[in-house]
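Okay, here's what each chain looks like letter by letter:
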Amino acid sequence: MKANFTKLLVLFVLANFTRAFGQQTTNPAVEAKIEALLKQMTLEEKIGMIHGNSSFTSTGVARLGIPELTTSDGPHGVRPEHGRDWVLDKKGNDSSTYLPVGLTLASTWNPELGYAFGSVLGAEAKFRGKDVILGPGINIIRTPLNGRNFEYMSEDPYLISKMVVGYIKGVQDQGISACVKHYLANNQETRRDGINVEMSERALREIYLPGFKAAVVEGDVNTIMGAYNRFRGQYATYNDYLINKILKGEWGFKGIVMSDWGAIHHTKEALMGGADLEMGTDLAMLPLPKYDKFFFAEPALKVVRSGEVPESIIDDKVRRILRIMFKTNMIDAKRSAGALSTPQHAEVAKKVAREGIILLQNKKNILPLNKATVKTIAVIGANANRDNAMGGGSSQVLPKYEVTPLEGLQNIAGSGVSMRFSQGYSIARNAGADQKLIQQAVENAKSADVAIIVGGWTHGYDYSKWDDNAYDAEGFDKPNMKMPFGQDDLISAVVKANPNTIVVLYGGGAIDVRQWVSKVKGILQAGYPGLEGGNALAEIIFGDVNPSAKLTVTFPKKLEDVGAHKLGEFPGDSLNVRYKDDIYVGYRYFDTYKVKPQFAFGHGLSYTSFDYGKPVVSSSGNNATVKFTLRNNGKQAGAEVVQVYVKDKKAAVKRPEKELKGFQKVFLQPGESKEITLSLDEQAFSFFDDKQMKWVLEPGDFEILIGSSAQDIRSKAKLKL
Ligand code: BGC
């Protein structure tokens, strides 16, 4: 008994020791069970486990009690059933909670909400009989044009790292696997199937890897999805450097590397390059799916039999799959039931939306609207009464309901306020300004107290309407940053008719607002705020909720101002895209190259205001602590996201003007003060030196910048390390 206890204690200490050094760990008792199973399996059975046997599953070994592995999209809700072979299965109860998209979640800057969000996803996936939920998506937002930015979180690796861990733990604490995707450098949809991404080692280490590293090392994520694109000449999904050396080597990843759907194009190279599970290969789409013709099916059997690929390589993949099956109670244990589309889940979605909708501009404090004085509202814009859940591609969700902005405004305003809707613009391929619709909107706005235009990007196609314009959708990038469907003309005409105009922007990130930004009083950025989004938006508009969200991406004035477009390439040529913008992604570019954005990274207004006290910075070794007092000096309760940026005063290499290295969301009652303490570790001051191929902390002078956005620095302090 005592010996056992000591053994357990040693294992526990060892596990935590390796975790602290940035490696995933395994459980010896489970490893023993895995070995026992492996010994009983034929090569055919092993091969069966490493490729898809339907659109979203891979084969088990029934005689040994190994079940199929069932995956499902996606990052913000469990996708409706697609049947085994992409034949839409309409029978099931497959309505799930439509959570706000990744971009909106990240805009909360609240890691605890990441956990709550993940818990909903995990519970619903479990209820729906899924083992792996295919999210979160955390590719760096390198350009506003990426059609999938809505699914992703930010342009900043530190912020992603903090938000992703809660999400993963939330899912996995429900006993379901998360699948962080798309590893790596899937930063555009144009030619995503094969484009080769070239970037420096420094950009890789400082910008593109940290979110994934946090997912693996801190989040202990069970599965990871390889990206479609190539990286330095080799497909990302079986890129020896990315998968074998970094992911499985440096970070000690013990889980499953699955391909994106159809991302495997070779047998031997992919087997050796570290991919563990082949999913969605196009052969599966033929009228008669040929799963046994997948690269990891019969062809894999052949290369093992011929000795070209050692069987130990297959064993390693099966081991990984079994490991995750044990970890998520698929073998030997029973899962709890989970829960689907409950009011509590909708409440989490609403909470995320309330904290994720950003107030960008509020001239003359037009917001919040006062129900006592605002009697007539012209609600204008096709996005005001449009559902979004089924848009965008694989991340589609089929909720039981979705509250549109118009419905939300009606719900929250109550009967004392009259709401009149005009469409304003129409969503159709190549649609420009529709003068008739504009005229109707102008008439409506003229006689209203306030005009609220809900527009912006539009969630691209749903699978029943492929002809929709795909502005925010998988497989497409946006053609430019301009407001689609003649919305610039619409907004200009409406604001002329009624100066009390508020614009609500839906969609996956920045859009060109130059034509009317100085004319309208209020601007809100809503992202895609989930099934309760309309209510949350209206609560903010009427002041029931005080906005506290912040931009996780820079909102540039124009596309040409973006680092990727100015210094780098987008979308590259037919073969390659070279990230010559290097580490100058997002605000790192704007700040360093002194380009003024429209709205800065980290920006977001509140109905109250906050005072930042003088900071005290102390250091011990290579760590520092920042302390200051934050006070809510307004009349309403509210939350501020305090942001800590580090500036290296002098370095051997060129460094960004400043980098986010700490933040905290602080909730304060009116008049309340709190002492804020933020810790900065060695990593906060280091850069990746690609000559020495390692992280370097150069001693010297640093500046700690504390602010409310990247452009709104409230106080500074010096630090010598
Ligand atoms: C997407 C993935 C998704 C997969 C399965 C792919 O096209 O890139 O994000 O999980 O399809 O639907």
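Residues numbered from 1 in each chain as written. Predicted model: local features only at pLDDT ≥ 70, side-chain atom pairs only at ≥ 80, totals over all residues. Heavy atoms only, no water.

## With respect to the pairing of strand β11 (residues 376–380)
Alright, step 1. When you tally the buried positions in β11, you get five out of five residues, the bulk of the element.
Alright, step 2. Alternating residues of β11 divide into Thr-376, Ala-378 and Ile-380 and Ile-377 and Val-379, and every residue in both groups is buried.
Alright, step 3. Sheet topology note: the β11/strand β12 (residues 418–422) ladder contains five bridges and is parallel. Bridging across to β12, Thr-376 finds its partner in Ser-418. (Buried < 20%, exposed > 50% of the residue type's maximum accessible area, 1.4 Å probe, protein only. Helix = DSSP H or I, 4+ residues; strand = E, 2+ residues; numbered from the N terminus. Pairing = 2+ DSSP bridges.)

## Regarding the pattern of salt bridges
Alright, step 1. This structure, assessed with the given rule, holds 52 salt bridges.
Alright, step 2. Lys-248 is paired through a salt bridge with Asp-276; the nearest N and O atoms lie 2.9 Å apart. Placement of the pair is Lys-248 in helix α9 (residues 240–250) and Asp-276 in the loop between α10 (268–272) and α11 (298–305), with a sequence separation of 28 residues. The same class applies to Lys-248 as to Asp-276, namely buried.
Alright, step 3. We note a salt bridge from Arg-578 to Glu-569, for which the minimum N-O separation is 3.0 Å.
Alright, step 4. Each of Arg-148, Glu-151, Glu-189, Arg-192 and Glu-474 takes part in salt bridges that share partners, so that together they form one network. (Salt bridge = Lys/Arg side-chain N within 4 Å of Asp/Glu carboxyl O.)

## Some points on the site of the ligand
Alright, step 1. If you check the shell around the ligand, you find 14 residues, and the closest are Asp-73, Arg-148, His-182, Asp-260 and Glu-474.
Alright, step 2. Take Asp-73: an N or O atom from its side chain is 2.5 Å from an oxygen atom of the ligand. (Near = heavy atom within 4 Å. Polar contact = N/O pair within 3.5 Å; in protein donor to acceptor, adjacent residues only side chain to side chain.)

## Side note on helix α17 (residues 533–541)
Alright, step 1. Within α17, nine of the nine residues are buried, leaving the element largely enclosed by the surrounding structure.
Alright, step 2. All buried positions along α17 are accounted for by Gly-533, Gly-534, Asn-535, Ala-536, Leu-537, Ala-538, Glu-539, Ile-540 and Ile-541.
Alright, step 3. Gly-543 sits one or two positions beyond α17 and adopts a positive phi of about 80°.

## Topic: the environment of Leu-105
Alright, step 1. Mapped onto the elements, Leu-105 comes out in helix α4 (residues 102–106).
Alright, step 2. Relative accessible area serves as the criterion here: at 0%, Leu-105 is assigned to the buried category.
Alright, step 3. For Leu-105 and Pro-529, which are 424 residues apart along the polypeptide, the C-alpha to C-alpha distance reads 8.5 Å.
Alright, step 4. Excluding residues within four positions of it along the chain, Leu-105 makes contact with Leu-113, Gly-114, Phe-117, Met-153, Met-163, Tyr-167 and Val-352. (Contact = heavy atoms within 4.5 Å.)

## Considerations on unusual backbone geometry
Alright, step 1. The omega angle of the peptide bond from Asp-73 to Gly-74 is -5°, so this bond is cis rather than trans.
Alright, step 2. With omega at 10°, the peptide bond leading from Tyr-183 into Leu-184 counts as cis.
Alright, step 3. Note that Leu-184 resides in the loop between β4 (177–183) and β5 (196–198).
Alright, step 4. The backbone of Ala-185 sits at a positive phi, close to 65°, despite the residue not being glycine.
Alright, step 5. Within the fold, Ala-185 resides in the loop between β4 and β5.
Alright, step 6. One non-glycine residue, Lys-594, lies in positive phi territory at about 55°.
Alright, step 7. A relative accessible area of 62% places Lys-594 in the exposed class.

## Considerations on the pairing of strand β10 (residues 358–362)
Alright, step 1. For β10, the buried fraction is high: five of the five residues fall into the buried class.
Alright, step 2. Pairing of β10 with strand β15 (residues 522–527) involves four bridges; the strand directions are antiparallel. Looking at the pairing, Ile-358 lines up with Gln-525 of β15.

## Focus: the sheet that holds strand β6 (residues 223–226)
Alright, step 1. In space, the six strands of this open sheet follow the order β1-β2-β3-β4-β6-β9, with mixed pairing throughout. At either end of the open sheet lies a strand with only one pairing partner, and these are β1 (57–58) and β9 (256–258).
Alright, step 2. In terms of strand pairing, strand β2 (residues 69–72) meets strand β3 (residues 132–133) through two bridges, oriented parallel. Bridged to Ser-72 within β3 is Ile-133.
Alright, step 3. Each of β3 and β4 touches helix α6 (residues 157–172); the most contacted strand, β4, lies at about 145° to it. (Axes fitted to C-alpha atoms, helices over the stretch in contact; angles between N-to-C directions.)

## Regarding the sheet that holds strand β20 (residues 638–648)
Alright, step 1. As summarised here, the arrangement of the four strands in space is β21-β20-β25-β26, forming an open sheet in which the pairing is antiparallel. Two strands lie at the open edges of the sheet, namely β21 (659–668) and β26 (712–720), each paired on one side alone. In this sheet, adjacent strand axes meet at a mean angle of 20° when their direction is disregarded.
Alright, step 2. With nine bridges joining them, β20 and β21 adopt antiparallel strand pairing. When the sheet's bridge partners are listed, Val-642 is paired in β21 with Gln-664.

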